[in-house]
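Inside the fold
Each chain, written out:
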Amino acid sequence: MVKLEKAIGLSCRGIYHHTKDKLGLFKGVVDTYIFEPHKVENKFVFAEDISLRDFLQTYIEGVERIMDYLSNELGVDRKECAKCYF
């Protein structure tokens, strides 16, 4: 917790103001950086008349956006992020 306090600039009390406990903190991080970016609606917009080719292209572009987002948020190189993504 001490390292976390220094990294984000909040006291332990401030951290627990936003999360109930360490489990709540863990779930918040996982939700933000794992589940939320990988929601299907973040990768493409559904359309009934879309071809398979257009669907795949749109999906790939969505994955690239998510990798860029995670790379920026986590401060890691895009290539490293891509390795971790898959």
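The paragraphs below set out a description of the structure included in this document. Keep in mind that this is a model prediction, so the values were computed, not measured.

This part takes up the overall build of the protein chain. Within the protein chain one finds five helices and zero strands. Taken from the N to the C terminus, the helices and strands of the protein chain come in the order α-α-α-α-α. Computed over C-alpha atoms, the radius of gyration of the protein chain comes to 17 Å, more than 25% over the 12 Å expected from 2.2 N^0.38 for 86 residues, which places it beyond the range of a compact globule. Principal-axis analysis of the C-alpha atoms gives the protein chain an extent of 50 × 25 × 15 Å. If you take every contact in the protein chain between residues at least 6 apart in sequence, the share linking residues at least 24 apart comes to 21%. In the form shown here, the protein chain has an accessible surface area of approximately 7000 Å², with 59% of it arising from carbon and sulfur atoms. Of the charged side chains in the protein chain, 13 are positive and 14 negative; the average position of the first set lies 10 Å away from that of the second.

Once that is clear, we can look at the pattern of salt bridges. Under the definition given, this model contains two salt bridges. Lys39 is the partner of Glu36 in a salt bridge, and the nearest nitrogen-oxygen pair spans 3.1 Å. According to the relative accessible area criterion, Lys39 is partly exposed, its value standing at 35%.

Mapped onto the secondary structure, Ser71 falls in helix α4 (residues 52–74). Judged by relative accessible area, which is 8%, Ser71 ranks as buried. Here Val76 takes part through its backbone oxygen, which lies 2.6 Å from a polar atom of the side chain of Ser71. When residues no more than four places from it in sequence are discounted, the contact partners of Ser71 are Val76, Asp77, Arg78 and Cys81.

With that out of the way, let us pick up the environment of Arg65. Within the element layout of this structure, Arg65 appears in helix α4. Those residues in contact with Arg65, other than ones at most four positions away along the chain, are Asn42 and Lys43.

Criteria and cut-off values
Residues numbered from 1 in each chain as written. Predicted model: local features only at pLDDT ≥ 70, side-chain atom pairs only at ≥ 80, totals over all residues. Heavy atoms only, no water. Helix = DSSP H or I, 4+ residues; strand = E, 2+ residues; numbered from the N terminus. Rg over C-alpha atoms; globule rule 2.2 N^0.38 Å. Contact = heavy atoms within 4.5 Å. Areas by Shrake-Rupley, 256 points an atom, 1.4 Å probe, with all protein chains shown as cover. Lys, Arg positive; Asp, Glu negative; His and termini not counted. Charge placed at Lys NZ, Arg CZ, Asp CG, Glu CD. Salt bridge = Lys/Arg side-chain N within 4 Å of Asp/Glu carboxyl O. Buried < 20%, exposed > 50% of the residue type's maximum accessible area, 1.4 Å probe, protein only. Polar contact = N/O pair within 3.5 Å; in protein donor to acceptor, adjacent residues only side chain to side chain.

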